[in-house]
Every structure is written in C-alpha cells, then in structure tokens.
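Fold and geometry: a report
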Amino acid sequence: MAIVDGGVRFPLHTFLIDFLQTVNATPSQISVNTFRIIMGVIAINRLLDINQTVREILAVYQYKCPGAQSNTLCHLVARTVNEKLVNGLPSTNKGFEKDYLRVRGDWFPGSPVVRSEFGYPGLDSL
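Note that the coordinates shown come from a computational prediction; the quantities given were computed from them, not determined experimentally.

The next thing to look at is the overall build of the protein chain. What the protein chain contains, in helices and strands, is 4 helices and 2 strands. When the helices and strands of the protein chain are listed from N to C terminus, the series reads α-α-α-α-β-β. Going through the 126 residues of the protein chain one by one, you find that 28% of them count as buried. Intrachain contacts of the protein chain at a sequence separation of at least 6 include 64% that bridge at least 24 residues.

Written out as structure tokens, the structure is:
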C-alpha cells in the first residue's frame, strides 16, 4: 500500500490517449505491438519534428478486434504488407498476457476514471 499512498503515477502520452479515444478502447484492450506502433510514431514525430496524427496511423493500419468472445488485444494490421510506419515487430504477443498490471484512476487531466468496459469505434470517429 505504500506505493498507492505515495502517489505513484502512470502517465500516458497525449498521442496514446488520442489513439485510445479515437478507437474507443481502454489501454488493456490493445496488444503490445499496437503500443509499440503508437510509441514508434511518437518517436518518429519527435525525431523528425513532424506531426503525424492518429488518422495517418489508421490510413496505414486497420484497427481489428478478434470478435465478441475475445474483446481483448485488439491490434493494428498493415493495410498493405510493404507499407508500415514501424518495422521489426514480433509476429506474436505470446507470453505478455502473464505480465499484467491494472491501474485505475484519472488517465489524463479532466477525464473520468479509466474505462473498464469494452467498445468498438464508431465509423464517424475513424
């Protein structure tokens, strides 16, 4: 309990928050490779001093969820095999489900508590 009492924070980058809001997902819904792609785009934006948005990610990748029986681990699939923003990703996320930490609280200023329910993005938000 000392960590909780000490005020430990798990900040999310504003770009990651924008992505989650656009696809109507919680952090626990998306795969490790999706996090890698989002954080890779953040690094590209910073290193090249450009401003790629979530719309550019969704133009290159398609956001897919496995189905009603498995609403977790939604992922990004390249629309064209040879066009990707981030290369060198593992082909599987196996093994990462064992290391899981659930964090609850305000995930950005002025927001409600992090959602725990699942949802799919509306067509108007993509």
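Once the structure has been displayed, the description carries forward.
Turning our eyes to something else, we now look at the pairing of strand 1 (residues 61–64). Only one face of strand 1 is buried, namely the one carrying Tyr 61 and Tyr 63, since none of Gln 62 and Lys 64 on the opposite face is buried. Judged from the 4 bridges that link them, strand 1 and strand 2 (residues 75–78) form a sheet pairing that is antiparallel. Bridged to Gln 62 within strand 2 is Val 77.

With that settled, the discussion passes to the state of the cysteines. Each disulfide consists of a covalent bond between the sulfur atoms of two cysteine residues. Taken as a whole and assessed by the stated rule, the structure comprises 1 disulfide. The residue that forms a disulfide with Cys 65 is Cys 74, at a sulfur-sulfur distance of 2.0 Å. Taking the sign of the S-S torsion, about 110 degrees here, the bridge from Cys 65 to Cys 74 comes out right-handed. Given a relative accessible area of 0%, Cys 74 falls into the buried group.

Ranked by internal contacts, the top residues of the largest apolar core, which has 19 residues, are Phe 19, Tyr 63 and Leu 76. The greatest single-element share of this core, amounting to 5 residues, is contributed by helix 2 (residues 14–23). Not counting residues up to four positions away in its chain, the partners in contact with Leu 76 are Phe 19, Thr 34, Ile 37, Ile 57, Leu 58, Tyr 61, Gln 62 and Tyr 63.

Here we come to unusual backbone geometry. One non-glycine residue with positive phi stands out, namely Asn 24, at about 55 degrees. By secondary structure assignment, the location of Asn 24 is in the loop between helix 2 and helix 3 (32–48). Even without being glycine, Asp 49 reaches a positive phi, approximately 55 degrees. For Asp 49, the position within the fold is in the loop between helix 3 and helix 4 (54–60). Asp 49 sits in the exposed class, given a relative accessible area of 71%.

With that settled, the discussion passes to a nonpolar patch on the surface. A cluster of nonpolar side chains, Leu 47, Leu 48 and Ile 50, forms an exposed patch at the surface whose accessible area comes to about 330 Å². If you trace the backbone, Leu 47 turns up in helix 3.

What follows is about the packing of helix 2 against helix 3. Where helix 2 meets helix 3, the closest approach of the two axes is 10 Å, and the angle between their N-to-C directions is 135 degrees. In terms of orientation, helix 2 lies oblique with respect to helix 3. Crossing handedness for the pair helix 2 and helix 3: right-handed. Here Phe 15, Leu 16 and Phe 19 of helix 2 come into contact with helix 3, specifically with Thr 34, Phe 35, Ile 38, Val 41, Ile 42 and Asn 45.

Next up on the list: the environment of Tyr 61. Checked against the element boundaries, Tyr 61 lands in strand 1. Here Tyr 61 falls in the buried class, since its relative accessible area comes to 2%. Leave out the neighbours within four places in its chain, and Tyr 61 touches Ile 37, Leu 76, Val 77, Ala 78, Arg 79, Lys 84, Leu 85 and Val 86.

Basis of the calculations
Residues numbered from 1 in each chain as written. Predicted model: local features only at pLDDT ≥ 70, side-chain atom pairs only at ≥ 80, totals over all residues. Heavy atoms only, no water. Helix = DSSP H or I, 4+ residues; strand = E, 2+ residues; numbered from the N terminus. Buried < 20%, exposed > 50% of the residue type's maximum accessible area, 1.4 Å probe, protein only. Contact = heavy atoms within 4.5 Å. Pairing = 2+ DSSP bridges. Disulfide = S-S within 2.5 Å. Core = buried A, V, L, I, M, F, W, Y, C linked by side-chain atoms within 4.5 Å. Patch = residues over 30% accessible without salt bridge, like charges linked within 9 Å, V, L, I, M, F, W, Y side chains within 5 Å. Areas by Shrake-Rupley, 256 points an atom, 1.4 Å probe, with all protein chains shown as cover. Salt bridge = Lys/Arg side-chain N within 4 Å of Asp/Glu carboxyl O. Axes fitted to C-alpha atoms, helices over the stretch in contact; angles between N-to-C directions. Parallel < 35°, antiparallel > 145°, perpendicular 65-115°, else oblique. Left-handed = near helix turned anticlockwise from the far one by under 90°.

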